[in-house]
Amino acid sequence: MIELQHLQKTFHTAGGDVKALKDVSLVVPDGDIVGIIGLSGAGKSTLVRCMNLLERPDNGKILLGGRDLTILSEKELRPIRKEVTMIFQDFRLLQQRNCLKNVCFPLELAGVGREEARKRGKELLELVGLGDRCDSYPSQLSGGQQQRVAIARALATDPKVLLCDEATSALDPTTTRSILELLRSINEKLGITIILITHSMQVVETICRHVAILDKGVVAEYGDVEEVFSSPKTAAAKHLVFPEGDEAAHAVDSDGMKQVRVVFNGSDATGKPLIATMAIELGISANILYASTRNIGRKTYGSMLLGIPGGEAELQKALSYLEKAEDVTVKEVKQDE
């Protein structure tokens, strides 16, 4: 388990002090996949650099397996850094080394013999799907392939924790999905704890089990991805989850139609589309006045504001139909709400 207790970090610049981390506390269980997300300037990159002591916090503790890393000397930290490794947005491969030698590099630093290092390096390149590119150089690889080599290198020392600092930000959507699937597979096969620093909600939805919303140097909200994204509590979380504004909280002008708010609390995203099915079965052509929904896993979260034509009778038919759906809550919205 990695635990952060009241981390603080201030940078002293020519323009004045910048408090990057004001008071960050977080517990990440072993084997979890946690996303840390926030707007630019929230303190994400500073936080991840503090986790492996590339930056030392001014105050607070970083506990790995109950051991406080902040009180260790640089010499004492060297073996710890084998347990907490990192991949970056820009890959940071050694351009003069081929793939195999890049993966073997941390093993060489650790004093592992050449043949043993090569054997381990080949195994890891096979694991990330690049077993046939041992002799290729970074310049001969795509961005996604370079990140796979970086992941293999990070795994060379059998770490307990893998830190990912915007690891997919430089990749196209298709490559991003493949890298996230690789990370998920590594987590499942090796049991490695993965912490992703990202600005992308989709990255968190795709792979993470828990999410921390970082805002101005503090953790504004933390919990299960499904819970936080379906029902954000804080202003910072709501801004990230509903960047267009939570218009569904209020009635809007709908030309006299009755209005219904539908909230999806994890309903099955693979079944029949609820609103379209209502139109077919009841002949009620509801107008979608506002919608902010997202699929997480195989379930739908979020809300819709519907306009129901035809007066009170049609409204009651629609309410009765929608209320029968599982994991859905329905309420009429008055124009003055």
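Notes on the structure in this doc start here. (Residues numbered from 1 in each chain as written. Predicted model: local features only at pLDDT ≥ 70, side-chain atom pairs only at ≥ 80, totals over all residues. Heavy atoms only, no water.)

1. So, the layout of surface pockets
Step number 1: Approximately 630 Å³ is the volume found for the largest pocket.
Step number 2: As for the largest pocket, its lining consists of 18 residues, and the residues nearest its centre are Arg81, Thr85, Met86, Pro106 and Leu109.
Step number 3: Taken together, the elements giving at least two residues each to the lining of the largest pocket come down to helix H2 (74–81), strand E6 (84–88), helix H3 (99–109) and helix H5 (143–155).
Step number 4: Of all the elements, E6 adds the most residues to the lining of the largest pocket, at 4 residues. (1 Å grid on protein atoms, 1.4 Å probe; cavity = no way out; pocket = protein on both sides within 12 Å on 5 of 7 lines; lining within 4 Å. Points joined across faces, edges and corners; volume = space filled by probe spheres on them. Helix = DSSP H or I, 4+ residues; strand = E, 2+ residues; numbered from the N terminus.)

2. Focus: the pattern of salt bridges
Step number 1: A full pass over the atoms with the stated rule returns 15 salt bridges.
Step number 2: For Arg81, the salt bridge identified is with Glu74, shortest N-O distance 3.2 Å.
Step number 3: One connected set of salt bridges, linked through shared partners, spans Lys9, Arg49, Glu55 and Asp58. (Salt bridge = Lys/Arg side-chain N within 4 Å of Asp/Glu carboxyl O.)

3. Remarks on unusual backbone geometry
Step number 1: For Leu53, which is not a glycine, the phi torsion comes out positive at approximately 65°.
Step number 2: Relative to the elements of secondary structure, Leu53 occurs in the loop between helix H1 (44–51) and strand E4 (59–64).
Step number 3: Even without glycine at this site, Glu166 takes up a positive phi of about 50°.
Step number 4: Relative to the helices and strands, Glu166 resides in the loop between strand E7 (161–165) and helix H6 (173–190).
Step number 5: The class of Glu166 is buried, set by a relative accessible area of 12%. (Buried < 20%, exposed > 50% of the residue type's maximum accessible area, 1.4 Å probe, protein only.)

4. Points about the side chain of Gln146
Step number 1: With respect to the element layout, Gln146 can be found in helix H5.
Step number 2: In terms of polar contacts, Gln146 uses its side chain to reach the backbone carbonyl oxygen of Leu141, at 3.4 Å.
Step number 3: In this structure Gln146 touches Phe91, Leu93, Gln95, Pro138 and Leu141, once residues within four positions along its chain are discounted. (Polar contact = N/O pair within 3.5 Å; in protein donor to acceptor, adjacent residues only side chain to side chain. Contact = heavy atoms within 4.5 Å.)

5. Here's the deal with the environment of Glu227
Step number 1: As for its placement among the helices and strands, Glu227 is situated in helix H8 (residues 225–230).
Step number 2: Classification of Glu227 as partly exposed rests on a relative accessible area of 46%.
Step number 3: For the pair Glu227 and Val211, spaced 16 residues apart in sequence, the C-alpha separation works out to 9.6 Å.
Step number 4: Apart from residues lying up to four places away in sequence, Glu227 is in contact with Pro232 and Lys233.

6. Remarks on empty space enclosed by the protein
Step number 1: Here the structure, examined in full by the defined rule, presents 2 cavities of 30 Å³ or more.
Step number 2: Approximately 40 Å³ is the volume found for the largest cavity.
Step number 3: Met51, Asn52, Leu53, Leu69, Leu77, Ile80, Arg81 and Val84 are the residues that line the largest cavity.
Step number 4: Broken down by element, the residue count for the lining of the largest cavity peaks at 3 residues, all from H2.
Step number 5: Class assignment of the residues belonging to the lining of the largest cavity gives a composition of 6 nonpolar, 1 polar and 1 charged. (Nonpolar A, V, L, I, M, F, W, Y, C, P; charged D, E, K, R; others polar.)

7. Considering the packing of H3 against H5
Step number 1: Relative to each other, H3 and H5 sit at 30°, their axes nearing to 7 Å. Between H3 and H5, the angle is such that the two are roughly parallel. Our pair here, H3 against H5, has a crossing hand that is right-handed. Residues Cys99, Asn102, Val103 and Pro106 of H3 touch H5, and the partners they reach there are Val149, Ala152 and Arg153.
Step number 2: By residue class, the composition of the contact of H3 with H5 is 5 nonpolar, 1 polar and 1 charged. (Axes fitted to C-alpha atoms, helices over the stretch in contact; angles between N-to-C directions. Parallel < 35°, antiparallel > 145°, perpendicular 65-115°, else oblique. Left-handed = near helix turned anticlockwise from the far one by under 90°.)

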